[in-house]
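The chain contents come next:
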Amino acid sequence: QVQLVESGGGLVQAGDSLRLSCAVSGRTDNNYAMGWFRQAPGKEREFVAAFDRSAQFSVYSASVKDRFAVSKDHAKNTMYLQMNNLKPEDTAVYFCAARATEETISSMVSGYDYWGQGTQVTVSA
């Protein structure tokens with residue numbers, strides 16, 4: 001019903017910036033509370049950032065706060081994750097996700113119903 005496709009990942013140097021995109025398709029007649037997660041090799045998927053359905057409020061994990069910023073272009077049905085001052089520890093596959101029924105913010109993997117396939121971000125030292 002809802003498809004999410006991430007893009008914008010790549011190989012960058014520490015201190016560089018990247019902007020990830022998450023295109024929403026299939027069902028675009030409603031807004032969704034959305035979030036970004038990441039998963040490094042050998043680690044569980046962890047929360048990065050999220051906003052509510054109206055995109056009026058957002059939250060960030062302590063590890064990315066003040067460096068990352070989430071936003072949404074409603075006209076393009078696209079969510080973004082602006083990543084600045086990237087560090088090697090930011091290396092991971094980044095996933096975007098959407099909540100189907102709740103409009104509030106969630107930082108839990110279990111709080112999301114739709115997921116993209118992920119885009120690789122690699123930060124070299």
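The rules behind each value
Residues numbered from 1 in each chain as written. Predicted model: local features only at pLDDT ≥ 70, side-chain atom pairs only at ≥ 80, totals over all residues. Heavy atoms only, no water. Helix = DSSP H or I, 4+ residues; strand = E, 2+ residues; numbered from the N terminus. Buried < 20%, exposed > 50% of the residue type's maximum accessible area, 1.4 Å probe, protein only. Core = buried A, V, L, I, M, F, W, Y, C linked by side-chain atoms within 4.5 Å. Contact = heavy atoms within 4.5 Å. Pairing = 2+ DSSP bridges.

Novice: Mind showing me how you'd approach unusual backbone geometry here?
Specialist: Excluding glycine, residues mostly have negative phi values, and the peptide bonds linking residues are mostly trans. With a phi angle near 80 degrees, Asp66 is a residue other than glycine that sits in the positive phi range. With respect to the helices, strands and loops of the structure, Asp66 is situated in the loop between β6 (58-60) and β7 (68-73). Even without a glycine there, the phi angle at Asn85 is positive, about 50 degrees. Position of Asn85 relative to the elements: it lies in the loop between β8 (78-83) and β9 (92-99). Owing to a relative accessible area of 42%, Asn85 belongs among the partly exposed residues under this scheme.

Novice: Whenever I open this one, the nonpolar core confuses me. Can you help?
Specialist: Generally speaking, a soluble globular protein has its nonpolar side chains buried in company with each other. In this structure, Trp36, Leu81, Met83 and Tyr94 are the most contacted members of the largest nonpolar core, which totals 28 residues. Where this core is concerned, the elements lending two or more residues are β3 (18-25), β4 (33-39), β5 (46-51), β7, β8, β9 and β11 (119-124). Among all residues touching Tyr94, those that are not within four sequence positions of it are Glu6, Leu20, Trp36, Phe37, Arg38, Val48, Phe68, Leu81, Met83, Gly118, Thr119 and Val121.

Novice: Explanation requested: the pairing of β9 in the structure shown.
Specialist: When a strand is regular, its side chains alternate between the sheet's two faces. Counting buried residues in β9 gives seven out of eight residues, a clear majority hidden from the surface. Where β4 lies against β9, seven bridges are found, and the strand directions are antiparallel. Looking across to β9, one finds that Phe37 is bridged to Phe95. Pairing of β9 with β11 involves three bridges; the strand directions are antiparallel. Each bridged residue has a counterpart across the sheet, and for Ala92 the counterpart in β11 is Val121. Where β9 and strand β10 (residues 114-115) come together, two bridges link them in antiparallel fashion. Residue pairing in the sheet places Ala97 in a bridge with Trp115 of β10.

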